[in-house]
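Understanding the architecture of this molecule
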Amino acid sequence: MPPRAVSAIFRAVKRILLGLLAFLGIGIVLLGGGLLWAHVSLRGERTPLPASDRVPAALAADSDGPVRLSWINSASQDMPRSGVLDPQLDPTPGAPYRMSHPSFVLEWADGRVLLVDLGMSQDEARNFGAGAELIGARPIEPHTPTAAQLGARADDVEGVLFSHLHHDHVDGITALCEGRSRPLRVFGTKAQLTRPNYLTTRGLDILNEAGCVELVPLEEGNPLEPVPGFPGVRVIAAAGHTPGSQIVVARVGDGESAKSYAFTGDIVNIRDGVRHDLPKPWIYSTLVVPEDTDRLGEVRRFLRRLHQDEDVTLLVQHDELSIQETGVPRWAGAP
């Protein structure tokens, strides 16, 4: 090959490589900027938490609260605790951990139902589980989705609360809307419904595209925000995990047999995060899902006070074994 042709090829290859490096550099800058903005915006969402002793009193002040609580699990996946707790701080790193993706069902005496989270479809569960296998998880086990398990009772669902708008909590809304002839109210803080970040925009899109959803922003300014039409349930603006992460608290039953519950969402992914005040792995909170770790620590300690001082049962969405230990029954359909 003539030297001039070789030189031309070399220059062309050099231009291609420089172009690829420039493209990669731009991508890194954009990604870094996105992560930085996500961290900064989270720190702007720090609504004061209520005093822990106010929670049971506020719930007890409501009459006609929910009379039953049960749960539906859309998927299970065994995985190492190092995926959800800082492995350098975990006192029992070898203990079993099973990640769940539930929907909690609150029922009132007149038959109406409020759901907390909706889990995923089976296809979405398989997609989610494949990513978790990269950090040592076993293959995911998709279960019957929430809408299918509700069956004919799905029409009794009058409202939904989401702990946050990551797709593994929101995806089940699509099936719930199929064939529904009336609006389904989805209640959320204004941070959740109007100030998403790049990881919750998809969840908000799912809600807007589901076909039956009426978004109902809750009022701001009350640390224990009531949910219109659902006495005995309050919402706490938690943030930390996402801008719109919210803790749902509820008092179920009447009189001395009534029990109070806190649905924690992804403030922690395992109950031991609250019990021992342990953070998630650094790489997760910094790069995978940008979190406000200081705020998460504040909320963990608030949840621990709720449990230890106020006898509020914690329901950690992604901790199947701890949910089972609470004794909350599986959904069994009509009472």
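Report on the accompanying structure. Residue positions are given per chain, counting from 1 as you read along its sequence in written order. Note on the predicted model: pLDDT of at least 70 is required for a residue's local features to be given, and 80 or more for side-chain atom pairs to be given and counted; whole-chain, interface and lining totals, by contrast, use all residues. Side-chain figures throughout are based on the complete set of non-hydrogen atoms in the structure, without hydrogens or water.

1. A short note on the pairing of strand β5 (residues 157-161)
For the exposure calls, accessible area comes from a 1.4 Å probe over protein chains only, and a residue counts as buried if that area is under 20% of its type's maximum, exposed if over 50%, partly exposed in between. Runs of H or I in DSSP of at least four residues are treated as helices and runs of E of at least two as strands, each being numbered from the N terminus. Buried residues dominate β5, accounting for four of its five residues. Note on pairing: two strands pair once DSSP finds at least 2 bridges between them. Relative to β5, strand β3 (residues 113-116) runs parallel, the two sharing four bridges. Of the residues in β5, the one forming a bridge with V116 is L161.

2. As for the side chain of D319
For D319, the position within the fold is in the loop between β12 (312-315) and α12 (320-326). With no salt bridge to any partner, buried D319 finds its closest opposite charge in R271, at an N-O distance of 5.2 Å. Here D319 is in contact with Y97, R98, S100, N269, I270 and R271, once residues within four sequence places are set aside. As used throughout, the charge tally considers Lys and Arg to be positive and Asp and Glu to be negative, leaving His and the chain termini uncounted. In what follows, salt bridge is the name for a side-chain nitrogen of Lys or Arg lying within 4 Å of a carboxyl oxygen of Asp or Glu. We call two residues in contact whenever any of their non-hydrogen atoms come within 4.5 Å of each other.

3. Description of the layout of surface pockets
Here the idea is plain: a probe the size of a water molecule rolls over the atoms and shows the empty space left. The space that makes up the largest pocket amounts to roughly 600 Å³. Note on definitions: the grid is 1 Å and covers protein atoms alone; a cavity is a set of points where a 1.4 Å probe fits but cannot get out; a pocket is an open set with protein on both sides within 12 Å along at least five of seven lines; lining residues have an atom within 4 Å of a point. Along the wall of the largest pocket there are 23 residues; nearest its centre are M99, F128, Y284, V288 and V289. Mapped onto the lining of the largest pocket, the elements with two or more residues apiece are α3 (122-133), α5 (167-170) and α10 (282-288). Classification convention: Asp, Glu, Lys, Arg as charged; Ala, Val, Leu, Ile, Met, Phe, Trp, Tyr, Cys, Pro as nonpolar; all other residues, Gly among them, as polar. For the lining of the largest pocket, the per-class residue count stands at 13 nonpolar, seven polar and three charged. Its boundaries defined by the atoms lining it, the second largest pocket holds a volume of some 220 Å³. Grid points are joined across faces, edges and corners, and a volume is the space filled by probe spheres set on the points.

Nothing here speaks to function; it is all geometry.
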